[in-house]
Amino acid sequence: MARLRDFAKLMRSKNAGPFQLTIDVMMENRADYDHVVASRLLTAKSVGDLLGVEPQLVQVFEYAPALAIKVSLPRALSVGDPMDNDLFGGQMFGPLVNLELADRSS
Amino acid sequence: MNQIKYIAPAPMVGSGFAEEPFLAALSPDMAFIGCDAGSCDGGPSYLASEDKVFATREGVKRDLRILVKGARSIKRPLLIGSCGGSGANWAVDLFRDLVCEIAAEEGLHFKLATIYTEPDRSTLKERLAQGKVKPLHPAPAISDEIIDDCIRIVSMAGHEAFLEALDQGADVVLCGRATDASIFAAIPIREGFDPGLCWHAAKILECGSAAVTKSDGPNGMICTIEEDRFLVEPVAPHHLVSTGSVAAHALYETGDPFQMKEPGGTLILTDATYSQVSDRCVAVSGSAWQQGAYTLRLEAASLAGFQTMSIGGIRDPALLSELDTWLDEVRKRVRNSIERQFGWRMDEDYWLTVRCYGRDGVLGELEPERDSIGHEIGLLMTILASDQRRAASIASVAAHAYLHHTVPAWSGSVSNTAFPFSPHVVDLGPSYRFSLNHVVELDRPNELFDFHYEDI
């Protein structure tokens, strides 16, 4: 088994406005991108489960021009709420980094 | 060939962008200079407060001086949006004062426009009653009372605000909250270029050099819009762009990489294509614009309370092996002590938040690995209450409890927390929440704004 980080050149999370979080997983080349897309690893359900959001509120985009998968979801708490743990949303991608998927047959 | 060229010297006013490459790139064939100053990324505190600039006053003045002098040297307009970060009225005034200081120091004369975008509350309530204030998703509740409770409300201006100021002959435009892209879309749209290309180019340029392959600090980008494509080229000679780096910019801080809402419609990137012209130039075409109802997004912040915090480390293996039980016990102790001492009830009159760094400080209860902790834990304890003195009183009791509460493995009095600071309890001041996520429908684009003009 491989991990998602093995195929990604960049994984990041950011705020998209005060009420939304967005996660970008960007691949280095087309083969890695196709492999990660085909693995169906990142779905509304899988990411929603990891981040505690109902799958119907999670949007997944395959964005080929940048060889990227984007996942956008509502924040549990708005940006900078006194109980919010991550002002810039910058570390919320953490649980996705070591997700396991099949190796890519070269 | 019919084309328009403009320059975005920096991702943000106050970022400390590189001056030399900007001055070297500046030329009279540029139609304007634009720079965004805003962001809601730093949280509601910047929106609510009367003095927090999302950079520093000194940093802003340094950048404004370069921008104003640069624009006057080629006699082209300088457009700045979302002054101060929040785009609050006071921040527009601050930028205006800084620009006036710079003009006096440099001996410059020009026509200055200031645009205030905090909407009148009664107008907003009228629109709410007319059903013209619509929730985005997810949106908190809205009512007349909630509008009154907001410490500040700003509306995000569209490109029409810049055009109105330019029509009045403004050389320098300082706008309150505006969409980042509207700064850069305004003049190209007025000149008749394809709105899809204008808005897409603006979306890329508003972040300055962010779309380069390897960024080494805040720098700029140059855009040239032609009939059926636009070109982006970094300002700094050592910066490169690739189709991937430019395309990737559609992902940055956006919820949807294919559709981006602006006040009068939606930018559609489904058919956008990117081609490499040189290692320093990428061409983009196929971006589309879909006209829609004219709506302005509202941003607002209300007071959540006042916070006091204490931070410390726990290194005792005997305590760490029973951390959850111990934390529960301390929470109960604080609850009981405060109720006995002051009569204030936890989760009603005040809130105690404990974050355990090294265990689940980032993800909280979502942390899948919260059972595998290391040899020490950073404990951040925060009290939220309705006023600062109350928060401080509770935090003082709570910090004492975290320091001295008994640990089952030991008998006798203990000191459980290593505090790195004296005082070990620190007031954080007021704490805010974003309190609206709504749009307001308008009949005319600029009807909520105040425009002021002066000859400097």
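Quantities reported herein were computed from a predicted structural model and do not represent experimental measurements.

**Regarding the overall build of chain B**
Link 1 in the chain: Tallying secondary structure elements over chain B gives 13 helices and 19 strands in all.
Link 2 in the chain: Principal-axis analysis of the C-alpha atoms places the extent of chain B at approximately 85 × 50 × 45 Å.
Link 3 in the chain: Here chain B holds 456 residues, and 47% of them are scored as buried.
Link 4 in the chain: Here the contacts in chain B between residues at least 6 apart in sequence split such that 75% fall between residues at least 24 apart.

**Some points on the overall build of chain A**
Link 1 in the chain: Along its length, chain A carries 3 helices and 6 strands.
Link 2 in the chain: Reading chain A from its N end, one meets helices and strands in the order β-α-β-β-α-α-β-β-β.
Link 3 in the chain: Taking 13 Å as the expected radius of gyration for a compact globule of 106 residues, we find that chain A reaches 14 Å, a close match to that expectation.
Link 4 in the chain: Its C-alpha atoms put chain A at 50 × 25 × 20 Å along the principal axes.
Link 5 in the chain: Here chain A, with 106 residues, has 39% of them falling under the buried criterion.
Link 6 in the chain: Within chain A, contacts between residues separated by at least 24 positions form 62% of all contacts whose residues are at least 6 apart in sequence.

**Examining the nonpolar core**
Link 1 in the chain: Ranked by internal contacts, the top residues of the largest apolar core, which has 159 residues, are A:A68, B:I80, B:V173, B:C175 and B:A201.
Link 2 in the chain: Setting aside chain neighbours within four positions, we find B:I80 in contact with B:V13, B:C35, B:A37, B:F95, B:V173, B:L174 and B:C175.

**A few points about the packing of helix 8 (residues 180-190) of chain B against helix 9 (residues 195-205) of chain B**
Residues and elements named next belong to chain B.
Link 1 in the chain: Where helix 8 meets helix 9, the axes come as close as 8 Å, and the angle between the chain directions of the two elements is 145°. Crossing geometry of helix 8 relative to helix 9 is assigned as right-handed. Along its contact with helix 8, which presents A181, F184, A185, P188 and I189, the element helix 9 presents P195, C198, W199, A201, A202, K203 and L205.
Link 2 in the chain: Residue composition of the contact of helix 8 with helix 9, grouped by class: 11 nonpolar, no polar and 1 charged.

**Looking at the interface of chain A and chain B**
Link 1 in the chain: Between chain A and chain B, the residue contacts involve 34 residues of the former and 33 residues of the latter.
Link 2 in the chain: Looking at the side of chain A that touches chain B, the elements that each hand over two or more residues are strand 2 (8-15), strand 3 (20-27), strand 4 (59-63) and strand 5 (68-74) of chain A.
Link 3 in the chain: Considering only residue class, the side of chain A that touches chain B consists of 18 nonpolar, 11 polar and 5 charged.

**Considering the sheet that holds strand 10 (residues 259-262) of chain B**
Residues and elements named next belong to chain B.
Link 1 in the chain: In space, the 3 strands of this open sheet follow the order 10-11-14, with antiparallel pairing throughout. One side of each edge strand has no neighbouring strand; the edge strands of this open sheet are strand 10 and strand 14 (288-291). With strand direction ignored, the average angle separating the axes of adjacent strands in the sheet is 25°.
Link 2 in the chain: Here 4 bridges tie strand 10 to strand 11 (residues 265-268), and the two strands are oriented antiparallel to one another. If you follow E262 over to strand 11, its bridge partner there is G265.

**Examining the packing of helix 3 (residues 57-74) of chain B against helix 4 (residues 89-106) of chain B**
Residues and elements named next belong to chain B.
Link 1 in the chain: Packing of helix 3 against helix 4 brings their axes to within 10 Å, and their N-to-C directions diverge by 60°. Looking at the two axes, helix 3 sits oblique to helix 4. Relative to helix 4, helix 3 is oriented so that their crossing is right-handed. The segment helix 3 lies against helix 4, with V60, K61, L64, R65, V68 and K69 engaging L98, V99, I102 and E106.
Link 2 in the chain: Split into classes, the residues belonging to the contact of helix 3 with helix 4 amount to 6 nonpolar, no polar and 4 charged.

**Quick notes on the pairing of strand 2 of chain A**
Residues and elements named next belong to chain A.
Link 1 in the chain: The pairing of strand 2 with strand 3 spans 7 bridges and is classified as antiparallel. Opposite N15, over in strand 3, you have L21 as the bridge partner.
Link 2 in the chain: In sequence, strand 2 turns back onto strand 3 through a hairpin of 4 residues, with G17 there showing a positive phi of about 85°.

**So, the sheet that holds strand 2 of chain A**
Residues and elements named next belong to chain A.
Link 1 in the chain: Taken in spatial order, the 4 strands line up as 2-3-5-4 in an open sheet, and their pairing is antiparallel. In the strand order of this sheet, the two ends are held by strand 2 and strand 4, each with one partner. If you compare each strand with its neighbour and ignore which way they point, the axes differ by 15° on average.
Link 2 in the chain: As paired strands, strand 4 and strand 5 are joined by 5 bridges and run antiparallel to one another. Note on strand 5: the bridge partner recorded for E62 is I69.
Link 3 in the chain: Each of strand 3, strand 4 and strand 5 touches helix 2 (residues 30-39); the most contacted strand, strand 3, lies at about 130° to it.

**As for the environment of B:R62**
All names here are of chain B.
Link 1 in the chain: Here R62 lies in helix 3.
Link 2 in the chain: In this structure R62 comes out as partly exposed when scored by C-beta crowding, with 19 C-beta atoms within 10 Å.
Link 3 in the chain: For R62 and L98, which are 36 residues apart along the polypeptide, the C-alpha to C-alpha distance reads 9.6 Å.

**Some words on the confidence of the model for chain B**
As a note on interpretation, predicted positions should not be read in detail where pLDDT is low.
Link 1 in the chain: When the pLDDT values of chain B are averaged, the result is 95; 100% of them are 70 or greater.
Link 2 in the chain: For this predicted complex, the interface confidence comes out at an ipTM of 0.94, alongside a pTM of 0.94.

**Considerations on the environment of A:L87**
Link 1 in the chain: Tracing the sequence through the fold places A:L87 in the loop between strand 5 and strand 6 (100-101).
Link 2 in the chain: Looking at A:L87, the number of C-beta atoms within 10 Å reads 14, which means it is partly exposed.
Link 3 in the chain: Here the alpha-carbon distance between A:L87 and A:L73, two residues 14 residues apart in the chain, equals 16 Å.
Link 4 in the chain: Beyond its immediate chain neighbours, meaning those up to four positions away, A:L87 contacts A:V79, A:G80 and B:G43.

**Overview of unusual backbone geometry**
Negative phi is the rule for most residues except glycine; trans is the rule for most peptide bonds.
All names here are of chain B.
Link 1 in the chain: The residue after H137, namely P138, is reached through a cis peptide bond having omega -5°.
Link 2 in the chain: By secondary structure assignment, the location of P138 is in the loop between strand 5 (133-135) and helix 6 (144-149).
Link 3 in the chain: Residue P423 is reached from S422 by a cis peptide bond, and omega for that bond is 5°.
Link 4 in the chain: Relative to the helices and strands, P423 is located in the loop between helix 13 (388-404) and strand 18 (426-441).

Criteria and cut-off values
Residues numbered from 1 in each chain as written. Chains lettered and ligands numbered in written order. Predicted model: local features only at pLDDT ≥ 70, side-chain atom pairs only at ≥ 80, totals over all residues. Helix = DSSP H or I, 4+ residues; strand = E, 2+ residues; numbered from the N terminus. Buried ≥ 20, exposed ≤ 12 C-beta atoms within 10 Å, placed from the backbone. Contact = placed C-beta atoms within 7 Å. Rg over C-alpha atoms; globule rule 2.2 N^0.38 Å. Core = buried A, V, L, I, M, F, W, Y, C linked by C-beta atoms within 7 Å. Axes fitted to C-alpha atoms, helices over the stretch in contact; angles between N-to-C directions. Left-handed = near helix turned anticlockwise from the far one by under 90°. Nonpolar A, V, L, I, M, F, W, Y, C, P; charged D, E, K, R; others polar. Pairing = 2+ DSSP bridges. Parallel < 35°, antiparallel > 145°, perpendicular 65-115°, else oblique. pLDDT = per-residue confidence, 0-100.

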